[in-house]
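Below are the chains, spelled out letter by letter.
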Amino acid sequence: MTKGTTSFGKRHNKTHSLCRRCGNRAFHNQKKTCASCGYPSAKIRSYNWGMKAKRRKTTGTGRMRYLKTVNIRFKNGFREGVKKVAAKSD
């Protein structure tokens, strides 16, 4: 057998499918684990030897729907259901 052109013609089975957590085509069908994010494990897969990969996936690269409001609410002492205090005018 050759390991070149003739072997490539035999490759027609998909080993990876879409991951429901990260959306990448990295979910191994037989192992049932994602090669990109590590699903179904509770912790997201990341390694110190992959600093660029960490940079791509870290907090702040997405929408941050919840976190971007936390800083504003912290300044106000996390007040809720209270009318805004009017600024005093002379």
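Thresholds applied
- Residues numbered from 1 in each chain as written.
- Predicted model: local features only at pLDDT ≥ 70, side-chain atom pairs only at ≥ 80, totals over all residues.
- Heavy atoms only, no water.
- Helix = DSSP H or I, 4+ residues; strand = E, 2+ residues; numbered from the N terminus.
- Buried < 20%, exposed > 50% of the residue type's maximum accessible area, 1.4 Å probe, protein only.

(A) Molecular detail of unusual backbone geometry. Tyr-39 connects to Pro-40 through a cis peptide bond whose omega is 15 degrees. The residue Pro-40 is located in the loop between strand E3 (33-34) and helix H2 (51-57) in this model. We note that Met-64 has phi near 55 degrees; this positive angle belongs to a residue other than glycine. As for its position among the elements, Met-64 is in the loop between H2 and helix H3 (67-75). Residue classification places Met-64 among the partly exposed residues on the basis of a relative accessible area of 33%. Backbone geometry at Phe-78 places phi at a positive 55 degrees, although glycine is not the residue there. Following the sequence through the fold, Phe-78 ends up in the segment after H3.

Without other data, these values stay purely geometric and don't point to any function.
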